[in-house]
Amino acid sequence: MSVSQMEKDSLGESMTSYQRVAALVLRLVGVIWTAFFAFIWSAYLLEMALGVQVQRYPWHTVIGNAAYAAFGLSLVVFSRPLAHLIARGLEASPSGDGSR
């Protein structure tokens, strides 16, 4: 497999370095975001299972936090298409001097 084939993403387009960095940042943010909500709610459920007196949250709070976690997962899943949109037009000029 050649390098150019390895650099192609799932859309069949070559990714620039800016797009790769944008995809990496989006994935990192999505994973941290989702891990935060997963940790908080797993600690809450563990305390509840152990019989510790915990505050009972209403369903709209639980559903809202699940939606936040789903948003973080969607950032991870759709990071490449979003990176293409975000970093479009940031490629270096062919002359290499930075001018367009």
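See the structure shown above.
Computed from a predicted model, the values in this text were never measured in an experiment.

The rules we used
Residues numbered from 1 in each chain as written. Predicted model: local features only at pLDDT ≥ 70, side-chain atom pairs only at ≥ 80, totals over all residues. Heavy atoms only, no water. Axes fitted to C-alpha atoms, helices over the stretch in contact; angles between N-to-C directions. Helix = DSSP H or I, 4+ residues; strand = E, 2+ residues; numbered from the N terminus. Parallel < 35°, antiparallel > 145°, perpendicular 65-115°, else oblique. Left-handed = near helix turned anticlockwise from the far one by under 90°. Contact = heavy atoms within 4.5 Å. Nonpolar A, V, L, I, M, F, W, Y, C, P; charged D, E, K, R; others polar. Buried < 20%, exposed > 50% of the residue type's maximum accessible area, 1.4 Å probe, protein only. Polar contact = N/O pair within 3.5 Å; in protein donor to acceptor, adjacent residues only side chain to side chain. Patch = residues over 30% accessible without salt bridge, like charges linked within 9 Å, V, L, I, M, F, W, Y side chains within 5 Å. Areas by Shrake-Rupley, 256 points an atom, 1.4 Å probe, with all protein chains shown as cover. Salt bridge = Lys/Arg side-chain N within 4 Å of Asp/Glu carboxyl O.

Undergrad: Whenever I open this one, the packing of helix α2 (residues 17–49) against helix α4 (residues 79–86) confuses me. Can you help?
TA: Each pair of packed helices gets described by two things: the angle between the helix axes and the distance between those axes. Between α2 and α4, the shortest axis-to-axis distance is 8 Å and the interhelical angle comes to 130°. Judged on the interaxial angle alone, α4 and α2 are oblique. Of the two possible hands of crossing, α2 and α4 adopt the one that is right-handed. Judged by residue contacts, Gln19, Ala22, Ala23, Leu26 and Arg27 of α2 engage Ser79, Arg80, Leu82, Ala83, His84 and Ile86 from α4. Among the residues forming the contact of α2 with α4, the class breakdown is 6 nonpolar, 3 polar and 2 charged.

Undergrad: Explain the side chain of His84 here, please?
TA: Take His84: it is sitting in helix α4. We classify His84 as buried; its relative accessible area is 10%. A polar side-chain atom of His84 sits 3.4 Å from a polar atom in the side chain of Gln19.

Undergrad: Is there a simple way to think about a nonpolar patch on the surface in this case?
TA: Taken together, the side chains of Val77, Phe78, Leu82, Leu85 and Ile86 make up a nonpolar region of the molecular surface, amounting to roughly 490 Å² of accessible area. One can find Ile86 in helix α4.

Undergrad: Is there a simple way to explain the packing of α2 against helix α3 (residues 59–77) in this structure?
TA: Relative to each other, α2 and α3 sit at 155°, their axes nearing to 7 Å. Taken together, the axes of α2 and α3 are roughly antiparallel relative to one another. As for the relative orientation of α2 and α3, their crossing is left-handed in sense. Touching Leu26, Arg27, Val29, Gly30, Val31, Trp33, Thr34, Phe37 and Trp41 of α2 are Val62, Asn65, Tyr68, Ala69, Phe71, Gly72, Leu73, Leu75 and Val76, all from α3. Among the residues making up the contact of α2 with α3, the classes are represented as 13 nonpolar, 4 polar and 1 charged.

Undergrad: Would you mind showing me how to read the side chain of Thr34 here?
TA: With respect to the element layout, Thr34 can be found in helix α2. Setting aside its immediate chain neighbours within four residues, Thr34 contacts Ala69, Gly72 and Leu73.

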